[in-house]
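Coordinate analysis (summary)
Now for the letters of each chain:
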Amino acid sequence: MKVAIITSNRSVSLKKVAKDIELVARNEFGMETVFMEYPRYEPSEIKTLSGAVTVMTFDPIWVTPFTWFCRELRLEGVKCVFYTTVEGNIKKVPSVEWMFRDLDYVANSNYTASKMRLAGARVVDVVYHGINIDEAQAFSWMREEVRAKLGVSNNEFLVGYVAAGYRRKGHRLFANVAKEVSKSDPSIRVAVITDDKGAQSYSDVQDAIVVPEFGKLGKHIIYGFYHAVDAYVQASLAEGFGLPVLEALACGKLVVHPDYEPLSEITTSETSIRVPVVSVDYTTEMGSIEYELHIYNPSDMVKAILDAKRIVSEKREEIAKKAVERAKKFNFVEQYSKLLNNLLRSQSL
């Protein structure tokens, strides 16, 4: 069976997910795969396909080429599953009713499923993103090397955050947190991997370590970063899943995050410190999604980070064990096998 794995090169996380799906398709299902970073309708190639898995954010404006390609494949008798995520309310735009009428969707979280169904989409299953535990653990040796490159001593407590520079990633709010954490406990260092846009939020945060290389670093560096930190902070205000949370857990880290789904779908009370959400706001950046921003009080986040230092200092090994055990619940072979079984059950139009 020849299967196309289709995604966009605009999302670092979704491209990683698509690559892992491709790996499971080949190794566990014996499928021949073709990887596409943008759908291409070539009749001669389509005739050779038996199926396709599309991994793409659901925004009716930007997703049109991907959904249309999936619909055309189904008309040709090719099995197709559309694996999607969304970070807020979907605003319908003219002439997209066919997206809701002709396609079935697999959501990457209960949160995504609820937003898709609210918009009128048919969600046939929820399949969480998966993690390769062995791969994540393989880079534990990089802890000291990464800390040395960041200029962090063994006596300092390092918290880290990985995210692009979009407003919904909450960098401005987290910059205020970084300032206050430094004042409360100078031994706590904050390191952020982001892009140039995100880095601007930390321009006046003297003690913050900012690496503006988001999307340019190899997985060994990213996993090395997770191992280097003592606790991971997911400071984003909106998510459809939150893959860095899962990656941090797989590296044995306690996670601090605002208390909202889907982040609270990934962690447990034993593997996270959850910061209360005090209000919910909505914003649009590009496209037709009203991003659902879960706003927290910076002082609550500061307290959570201080608590994280105390807890990790007292129970580092216990926390690490529980975090890894939680991550194992999202084993990528099990998750993506479930997705591929959805593909095998799918019907043509």
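Reading the values: the criteria
Residues numbered from 1 in each chain as written. Predicted model: local features only at pLDDT ≥ 70, side-chain atom pairs only at ≥ 80, totals over all residues. Heavy atoms only, no water. Buried < 20%, exposed > 50% of the residue type's maximum accessible area, 1.4 Å probe, protein only. Helix = DSSP H or I, 4+ residues; strand = E, 2+ residues; numbered from the N terminus. Pairing = 2+ DSSP bridges. Right-handed = clockwise from strand over helix to strand, strands pointing away. Disulfide = S-S within 2.5 Å. Axes fitted to C-alpha atoms, helices over the stretch in contact; angles between N-to-C directions. Contact = heavy atoms within 4.5 Å.

1. What to know about the pairing of strand 8 (residues 157–162)
Regular strands have side chains that alternate between both faces of the sheet. Counted residue by residue, strand 8 has six buried out of six residues, so it is predominantly covered. Relative to strand 9 (residues 188–193), strand 8 runs parallel, the two being bridged by six bridges. Looking at the pairing, F157 lines up with I188 of strand 9. Handedness of the β-α-β unit built from strand 8, helix 8 (residues 171–184) and strand 9 comes out right-handed. Pairing geometry for strand 8 and strand 11 (residues 231–233), over two bridges, is parallel. Bridge pairing in strand 11 places G160 opposite Y232.

2. What to know about the state of the cysteines
Within the structure shown, the criterion is met by one disulfide. The residue that forms a disulfide with C70 is C80, at a sulfur-sulfur distance of 2.3 Å. Classification of the bridge connecting C70 and C80 rests on its S-S torsion, roughly -130°, and on that basis the disulfide is left-handed. You can see C70 sitting in helix 3 (residues 64–75) and its partner C80 sitting in strand 4 (residues 79–85), a full 10 residues away along the chain. Here C70 and C80 have matching classes, each one buried.

3. Considerations on the sheet that holds strand 14 (residues 277–283)
Sheet architecture is open: three strands sit in the order 5-15-14, paired in antiparallel fashion. At either margin of the open sheet sits one strand with a lone partner, and together these are strand 5 (88–90) and strand 14. In this sheet, adjacent strand axes meet at a mean angle of 20° when their direction is disregarded. Pairing of strand 14 with strand 15 (residues 289–296) involves six bridges; the strand directions are antiparallel. Pairing of S279 across the sheet is with I295, part of strand 15. The sheet strands contacting helix 5 (residues 110–118) are strand 5 and strand 15, and the helix crosses strand 5 at an angle near 25°.

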